[in-house]
Each structure stands twice: as C-alpha cells, then as structure tokens.
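# Analysis of the macromolecular model
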Amino acid sequence: MAFNNKEIEVKLEINAEEFRRLKEILDKEARFVSEEIQRDVYFSPINNNFFDEAFPYKWLSLRHRGGKNILNFKHYYPEKAEKHIYCDEFETDVNDPDRMMDILAALEIKKVVEVVKKRLKYIYKNIFEIVLDKVDDLGYFIEIEALEDLGGIEETRRRVVAIIKDLAVKNFRQDLRGYPLTCQVFYIKRIIGNT
C-alpha cells in the first residue's frame, strides 16, 4: 500500500525453512490480515520495452486481488539503478479486465509475463506491512513495506530495512529485479532447456 503515491519496501528471497520460521514469528508478533492467491499480468509497450533495461524501473500490471482487478503502474527511483530507494505507485480499479486487455493491445502494449503467488499478509507494529509470498516457479519471499511516511524517504527506508534485523531474517538474497523480470528469465531458461 503506497502513501502519497510513494511505495517504500524491501523484498528478500528466502528459503522454505526461513519462510516457515518467519511465519511462526509473525503469527505471534504481528496482526494477520489475509491469505490469498494473487495473479499479476505484466505489460510493456512494444516500442519501449520496460524489460530491456538491466534494472527495469517501470512496471505496468493488471492485478487480480480477491475478486478485484486493479491496473497498477510503478516508476522506481533512481532510474536504471541496481538498487531502488522508492517508487511512485498509481492504481485504479478495473471493472472489465478483458476490455482493459483489449485497450492495452490496441495501444500496442503487450503481455510479457504472468506472476502467480500465494500471499500471507501481516501488519507489524501498526506501521509496516509484511507479506510472505510463495511464488509459482520462483520460491519464497518476504516483503516489508512502510504504510506511512516515517520522516521522509531516506528515514522511512532505513526503518523498513531495520525490520530485517528486528526479525533476524537469515539466508536471504535481496531481490533487486522484481517478480516479473525474474519470472521472465525463469521461463526463458526453461524454454531453452527444453529445446
């Protein structure tokens, strides 16, 4: 959830054992919000492929969340950097996702990849959203996001990162590329491996 159209989060890839350990901690120390299967379809303009960047900084997706469809656009800063500090995030509900797909196709915006995940969502210390994701074909992840401005972008990011220590997260790798690009690379490798 972005505040003032800004999203400040950290995403870490973890293993199944760490996923279970963190779930036990969060079940005790955080407020459980929901469990759901989420499907995100990512798009890119044909003539300006967001995925051509080594570190993409723009994402356009149609998200399916608990019976709702949401068009989402994120623009990460700094642009083209390996590590992003925050992003502008804009969303709107979509009543007819099939018609939205037709509009995107007519604008020469193509579907690139689909990401499906089982998400467990928690609220931690009333100011952080923590989610545990099991992403099809990719594995396990934890995302930590500030729900409000905690003193500007840098201070908010510092406090988000501090939660990694607070929860003693172990055996992780920071995901700097995002689910859509990681999924795309996975599927390309799988196709090449099958030829």
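This structure is a prediction, so every number in the text was calculated from the model and none was measured. (Residues numbered from 1 in each chain as written. Predicted model: local features only at pLDDT ≥ 70, side-chain atom pairs only at ≥ 80, totals over all residues. Heavy atoms only, no water.)

### Regarding the overall build of the protein chain
Rules: Where helices and strands are cited, they refer to DSSP runs of H or I of at least four residues and of E of at least two residues respectively, numbered from the N terminus. Relative accessibility thresholds used throughout: buried, under 20% of the residue-type maximum; exposed, over 50%; partly exposed, between the two (1.4 Å probe, protein chains only). Any two residues having at least one pair of non-hydrogen atoms within 4.5 Å are treated as being in contact. Reported accessibility uses the Shrake-Rupley method at a 1.4 Å probe radius. Residues are deemed covered only where the shown protein chains occlude them.
Looking only at helices and strands, one finds 4 helices and 10 strands in the protein chain. When its helices and strands are written in sequence order, the protein chain yields β-β-α-β-β-β-β-α-β-β-β-α-β-α. Counting across all 195 residues of the protein chain, residues that qualify as buried make up 47%. For the protein chain, restricting intrachain contacts to residue pairs at least 6 apart in sequence, the fraction spanning at least 24 positions comes to 64%. Accessible area of the protein chain: about 10400 Å², with a carbon and sulfur share of 49%.

### What to know about the confidence of the model for the protein chain
Our working definition: A residue's pLDDT is simply how confident the predictor is in it, with values from 0 to 100.
Averaged over all residues, the pLDDT of the protein chain equals 89, while 89% of them reach at least 70. Looking across the protein chain, the model is least confident in helix α4 (residues 179-193), with a mean pLDDT of 54, and most confident in helix α1 (residues 16-29), with 98. Residue range residues 187-195 is modelled with pLDDT below 50. Its contacts to residues more than four positions away, or to other chains, number 4 contacts.

### Points about the side chain of His75
Structurally, His75 can be placed in strand β5 (residues 68-77). On the basis of relative accessibility, which here comes to 12%, the residue His75 falls in the buried class. Sequence-distant contacts of His75, that is, excluding residues within four places in its chain, are made with Tyr57, Lys58, Tyr86, Cys87 and Asp88.

### A word on the pairing of strand β7 (residues 109-124)
Heads up, the rule is: Paired strands, in this sense, are two strands between which DSSP finds at least two bridges.
Here 14 bridges tie strand β3 (residues 31-45) to β7, and the two strands are oriented antiparallel to one another. Residue pairing across strands places Asp40 opposite Val115, the latter belonging to β7. Hairpin geometry of β7 and strand β8 (residues 128-135) is characterised by an intervening segment of 3 residues between the two adjacent antiparallel strands and by a positive phi of about 55° at Lys125.

### Points about the pattern of salt bridges
For clarity, the cut-off: Any carboxyl oxygen of Asp or Glu within 4 Å of a side-chain nitrogen of Lys or Arg constitutes a salt bridge here.
All told, the structure shown has 21 salt bridges when counted by the stated rule. Among the ionic pairs, Asp88 bridges to Lys6, the shortest N-O distance being 2.6 Å. Of this pair, Asp88 sits in strand β6 (residues 86-93) while Lys6 sits in strand β1 (residues 6-7), placing them 82 residues apart in sequence. On the basis of relative accessibility, which here comes to 26%, the residue Lys6 falls in the partly exposed class. One salt bridge in this structure joins Glu114 and Lys111, with 3.3 Å as the shortest N-O distance. In this structure Glu114 comes out as partly exposed when scored by relative accessible area, which is 25%.

### Regarding the packing of aromatic side chains
Cut-off, in case you're wondering: Stacked, tilted and edge-to-face are the three classes assigned to paired rings of Phe, Tyr and Trp, where Trp is represented by its six-membered ring and a pair needs centres within 6.5 Å; plane angles under 30 degrees give stacked, over 60 edge-to-face, the rest tilted.
Counted under the stated rule, the structure contains 5 aromatic pairs. Ring centres of Tyr42 and Trp59 lie 5.9 Å apart, and the angle between their planes is 75°; on these two criteria the pair is classed as edge-to-face. One end of the pair, Tyr42, is in strand β3; the other, Trp59, is in strand β4 (residues 58-65), with 17 residues separating them in the sequence. When its relative accessible area of 6% is taken as the criterion, Trp59 is described as buried.

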